[in-house]
Amino acid sequence: MEQADLKARLDALGRNIERAEERLKLKHLFSADHQIKASELRERYRVLCRKMQAEVAREEAHGRHVSNLERSLREWWDSFELDAD
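So, here's what we can say about the structure. (Residues numbered from 1 in each chain as written. Predicted model: local features only at pLDDT ≥ 70, side-chain atom pairs only at ≥ 80, totals over all residues. Heavy atoms only, no water.)

1. Considering the overall build of the protein chain
- The helix and strand inventory of the protein chain stands at 3 helices and 0 strands.
- Going from the N terminus to the C terminus, the protein chain shows its helices and strands as α-α-α.
- Counting all 85 residues of the protein chain, 12% fall into the buried class.
- Counting every atom, the protein chain has about 7600 Å² of accessible surface; 58% of that belongs to carbon and sulfur. (Helix = DSSP H or I, 4+ residues; strand = E, 2+ residues; numbered from the N terminus. Buried < 20%, exposed > 50% of the residue type's maximum accessible area, 1.4 Å probe, protein only. Areas by Shrake-Rupley, 256 points an atom, 1.4 Å probe, with all protein chains shown as cover.)

2. Re helix H2 (residues 38–61)
- When the terminal C-alpha atoms of H2 are compared, their 34 Å separation across 24 residues agrees well with the 34 Å that a helix rising 1.5 Å per residue should span.
- Those residues of H2 that fall on the buried side of the exposure criterion are Arg44, Val47, Leu48, Cys49, Met52, Glu55 and Val56.
- Those residues of H2 hidden inside the fold are in contact with helix H3 (68–78). (Expected span 1.5 Å × (residues − 1). Contact = heavy atoms within 4.5 Å.)

3. Here we look at a nonpolar patch on the surface
- Together, Leu69, Leu73, Trp76, Trp77 and Phe80 line one region of the surface with nonpolar side chains, adding up to about 630 Å² of accessible area.
- Structurally, Trp77 can be placed in helix H3.
- For Trp77, a relative accessible area of 55% corresponds to the exposed category. (Patch = residues over 30% accessible without salt bridge, like charges linked within 9 Å, V, L, I, M, F, W, Y side chains within 5 Å. Salt bridge = Lys/Arg side-chain N within 4 Å of Asp/Glu carboxyl O.)

4. Re the packing of H2 against H3
- Interaxial distance between H2 and H3 falls to 10 Å at its minimum, and their mutual angle equals 135°. Relative to H3, the element H2 lies oblique. The chirality of how H2 crosses H3 is right-handed. Here Tyr45, Leu48, Lys51, Met52, Glu55, Val56, Glu59 and Glu60 of H2 come into contact with H3, specifically with Arg71, Arg74, Glu75 and Asp78.
- The residue inventory of the contact of H2 with H3, partitioned by class, reads 4 nonpolar, no polar and 8 charged. (Axes fitted to C-alpha atoms, helices over the stretch in contact; angles between N-to-C directions. Parallel < 35°, antiparallel > 145°, perpendicular 65-115°, else oblique. Left-handed = near helix turned anticlockwise from the far one by under 90°. Nonpolar A, V, L, I, M, F, W, Y, C, P; charged D, E, K, R; others polar.)

5. Things to note about the pattern of salt bridges
- Following the criterion strictly, the structure yields 4 salt bridges and no others.
- Between Arg50 and Glu43 there is a salt bridge, with the nearest N and O atoms lying 3.8 Å from each other.
- A relative accessible area of 35% means that Glu43 is categorised as partly exposed.
- In this structure, a network of salt bridges that share partners links the residues Glu43, Arg46 and Arg50.

6. Observations concerning the environment of His65
- Position of His65 among the secondary structure elements: in the loop between H2 and H3.
- If we skip the residues at most four places from it in the chain, His65 touches Glu60 and Glu70.

7. Quick word on the side chain of Glu55
- The topology assignment puts Glu55 in helix H2.
- You can call Glu55 buried: its relative accessible area is 16%.
- In this structure, Glu55 is in contact with Arg74 and Asp78, ignoring residues within four places of it in sequence.

Here it is in structure tokens:
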């Protein structure tokens, strides 16, 4: 193995280690209270589904059919709203 090749590989490994250390430092900045729990995720999903179903029902009540693609896009778009109604 050439010296330059070995140095390049060790430098790449060093950068990977530094990135991993940085991620760990950032992870420890958040306490357990800041991490979302599975039950909160489930409730958020339920709220988003109810909201989307209400939007679709409103559209279809006005005679506008909502396709599966549009339904998926609405669900995706609603997922960006962080506040749960």
